[in-house]
Amino acid sequence: MVRLDTVGRLNASSWRSAADSWEACVHTSVLHTITSLDVGGAQVMLARFLGRIDQNRFSSSVLSLLSPGPLAAQVKHANSGLVSISMTERPRPRDVFRLTRSISRAAPDLLHGWMYHGNVAATLGSVLGLNFSPVIWSIHHTVRDLADEKPLTRQLIRLSARLSSRASAISYCSRVAADDHERLGFDPRRRVVIPNGTDCDQFSPAADAGAKLRHLFGLPPERLIIGHVARFHPMKDQISLVRAISRVLAQGYDVQGVFIGEGHADGPVRRAARDLGIDDRITTPGIRGDVADLMPGFDVYALCSAWGEAFSLAAGEAMASGVPAVVTAVGDSGWLVGDSGVVVPPRDSEALAAGLIRLVCLEPAQRRALGQQARRRVMENFSLSLYVDRHLELYATALGRRRHISS
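Residues numbered from 1 in each chain as written. Predicted model: local features only at pLDDT ≥ 70, side-chain atom pairs only at ≥ 80, totals over all residues. Heavy atoms only, no water.

**Side note on the sheet that holds strand β4 (residues 110-114)**
Okay, step 1: Spatially, seven strands are ordered β3-β2-β1-β4-β5-β6-β7 in an open sheet, and the strand pairing comes out parallel. The sheet terminates laterally at β3 (81-84) and β7 (191-193), the two strands that pair on one side only. Strand-to-strand twist in this sheet, taken as the mean axis angle between neighbours without regard to direction, amounts to 20 degrees.
Okay, step 2: Both strand β5 (residues 135-139) and strand β6 (residues 169-172) contribute to a ladder of four bridges, which runs parallel. Residue pairing in the sheet places S138 in a bridge with S171 of β6. (Pairing = 2+ DSSP bridges. Helix = DSSP H or I, 4+ residues; strand = E, 2+ residues; numbered from the N terminus. Axes fitted to C-alpha atoms, helices over the stretch in contact; angles between N-to-C directions.)

In C-alpha cells, the structure reads:
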C-alpha cells in the first residue's frame, strides 16, 4: 500500500523506502497508456511530465488507444516513443489483442495509466500480457453525480472501481476527485493526491503584456480584461460568465471579456453576448498557440465551471502569470487559489459578478500585489517541478515494493 500526504508527498516511512529503492528507478522503462493525445488536462500534464523527466533514468513510451491527436508532437519532442492501437470508442476483440501485444512487446518495468480508459487498459493489458509490472492510475476528473456522465463512462467508472485494488497507487489530481471516486467504490488504500503542476518559467508575469494584449484585440488602454481559457463545454458554464460580465458592465465598470479556446468564436458565448447586448465587450479569438504570452495581460482570470473540474490547469497558469483569479467552488479550485483570489458558488452568475467586482474595483497596485501572491502560491505548492518529483517518488515506491516482493 502506498500512502502519501494530502499534497502527494511520501510520509516518513514511505520516503525511507523510496530512498532505499531509488536504484530501481535507474534505466527504468515506463509505458504510459492514455485514451488519446487530444488537447485536455490529463494529456497536457502527460506531455509536460515527459518533457521534464530524466531520459537517462527513464525510458518512456506512450500507448494511445485512439489515434494520437495534436499533442503527439510534444510527446515525440520529449524523445518518448509513441504507438497507437487505433481502437474505436467501443473496444472490439481485436483491440484487446493489439493492446495485449503492445504491452507484451514493450515489457515495461512500470505502467502508468492516464484517465479511465488508460487506467483500465494498463491493468487489463498487463494481466493479459503476463507482464505483472506495477500499475499506477491517474484520475483527472471529479464526479458530482454519476448520472452526469455518459452511459459508457458510467460503465467504465464502475469497472474501474472493481479493478482499483489491483493498482499499486491511484494518483488523483485533486482531493475532491479522490473523495468522489472513493464514494463510488475506488479502493481508498490506493489514494495519492498529486495536484496538477504549472511551469512557472513558461507562465510568468510580463510588464508589457497588458499593453500588447489590448493592442492585439484593439481595446482601449484603460479597459480591464477579464480572461478565460478553455474550450466551450456545458461543464465549463461559460454562459454564466458572459452573464456575470454583463452585470459588471451594468454596475459601471469598464471591462472586456476575452474567451480563448475552441468553440467560442461562433458559438454559444457569442450568441449569449449578442442576446445580452454586450457583443462588443466579448472577444473570442478562438484557439491560440501563444496563451503563455497572453495570460499575463489579463487583469483578472475567471474560472466558471459548474461541475467536473478537478484541478484547473488554466487557473494555475493565470496565477503563475501574476493574475488573481475568481473561481467557482468546484473540485479543488478553492484550495488552488487559497487567499490569493475569490471563490464563489457554481451556477450563480450574480455571485460570479460580485466576485469579479471585488477584484476589478481594486487599485492597480493592489491587484498586482494579489497577483504576486497568487504566483507565490503556485510556485510553493503547485509547480510542475513538484508535480514531477511527487510522481517519481511514487514510481520509486512502487518499484521498491516490487523488488521487495520478488526478492
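Next comes the rest of the description.
**Notes on the packing of aromatic side chains**
Centre distance and the angle of the planes are the two values used to describe a pair of aromatic rings.
Okay, step 1: Inspection of every chain in the model, using the stated rule, returns nine aromatic pairs.
Okay, step 2: Aromatic pair F49 and Y387: ring centres 6.4 Å apart, planes at 85 degrees, arrangement edge-to-face. Highlighted residues: F49 in helix α2 (residues 41-52) and Y387 in helix α16 (residues 384-406), separated in sequence by 338 residues.
Okay, step 3: F49 gets classed as buried once you look at its relative accessible area, which sits at 0%.
Okay, step 4: Judged by centre distance (6.1 Å) and plane angle (80 degrees), the rings of F311 and W335 are edge-to-face. With F311 in the loop between β11 (300-303) and α12 (313-320) and W335 in helix α13 (residues 333-337), the pair connects residues that are 24 residues apart, well separated along the chain.
Okay, step 5: On the basis of relative accessible area, F311 is assigned to the buried category, the value being 4%.
Okay, step 6: The buried category is assigned to W335, whose relative accessible area is 15%.
Okay, step 7: Feature note: the residues F49, F58, W114, Y387 and Y395 constitute an aromatic cluster, connected by ring pairs.
Okay, step 8: Over the aromatic face of W335 sits the side chain of R175, whose NZ or CZ is 3.8 Å from the ring centroid. (Phe/Tyr/Trp six-rings, centres within 6.5 Å; stacked < 30°, edge-to-face > 60°. Buried < 20%, exposed > 50% of the residue type's maximum accessible area, 1.4 Å probe, protein only. Lys NZ or Arg CZ within 6 Å of the ring centre and 35° of its normal.)

**Quick word on the confidence of the model for the chain**
Okay, step 1: Residues at a pLDDT of 70 or more form 92% of the chain, whose mean pLDDT is 91.
Okay, step 2: Counted against residues more than four places away or in other chains, residues 1-25, with its pLDDT under 50, gives 60 contacts. (pLDDT = per-residue confidence, 0-100. Contact = heavy atoms within 4.5 Å.)

**Concerning the sheet that holds strand β8 (residues 224-229)**
Okay, step 1: Strand order in the open sheet made by the six strands is β10-β9-β8-β11-β12-β13, with parallel pairing throughout. In this open sheet, the two edge strands, each paired with only one partner strand, are β10 (282-286) and β13 (342-344). Mean inter-strand twist for the sheet, computed between neighbouring axes without regard to direction, equals 20 degrees.
Okay, step 2: Here three bridges tie β11 to strand β12 (residues 325-328), and the two strands are oriented parallel to one another. Residue pairing across strands places A302 opposite V326, the latter belonging to β12.

**Quick notes on helix α8 (residues 209-217)**
Okay, step 1: By the burial criterion, the buried members of α8 are A209, G210, L213, R214 and F217. Summarising the axial view, the buried residues of α8 lie within an arc of 130 degrees, below the 170-degree limit, and thus occupy one face. In α8, those exposed residues whose orientation departs by more than 90 degrees from the buried face are A211, K212 and H215.
Okay, step 2: Packing partners of the buried residues in α8 comprise β8, β9 (255-260), β10 and α11 (291-294).
Okay, step 3: At the exit of α8 stands G218, carrying a positive phi of roughly 65 degrees. (Arc of directions from axis to C-beta.)

**Looking at the environment of G261**
Okay, step 1: Structurally, the position occupied by G261 is in the loop between β9 and α10 (268-275).
Okay, step 2: For G261, a relative accessible area of 11% translates into the label buried.
Okay, step 3: Between the C-alpha atom of G261 and that of Q155, which follows or precedes it by 106 residues, the distance is 30 Å.

**Observations regarding unusual backbone geometry**
Okay, step 1: Positive phi, close to 50 degrees, is recorded for S86, a residue that is not glycine.
Okay, step 2: As for its position among the elements, S86 is in the loop between β3 and α4 (93-106).
Okay, step 3: Even without a glycine there, the phi angle at L130 is positive, about 55 degrees.
Okay, step 4: Within the element layout of this structure, L130 appears in the loop between α5 (115-128) and β5.

**Here's the deal with the nonpolar core**
Okay, step 1: Counting residues in each nonpolar core, the largest one holds 61 residues, and the members touching the most others are F186, V229, M295, F298 and Y301.
Okay, step 2: Top element by residues in this core is α12. It accounts for five residues.
Okay, step 3: Not counting residues within four places of it along the chain, the set of residues in contact with Y301 comprises G227, H228, V229, M295, A314, A315, A318, V323, P324, A325 and V326. (Core = buried A, V, L, I, M, F, W, Y, C linked by side-chain atoms within 4.5 Å.)

**Focus: α10**
Okay, step 1: By the burial criterion, the buried members of α10 are V269, R270, A272 and A273. Viewed end-on, α10 has its buried residues packed into an arc of 165 degrees, placing them on one side of the element.
Okay, step 2: Buried residues along α10 sit against α9 (238-250), β9 and β10.
Okay, step 3: One or two steps after α10, the chain reaches G277, where phi turns positive at roughly 75 degrees.

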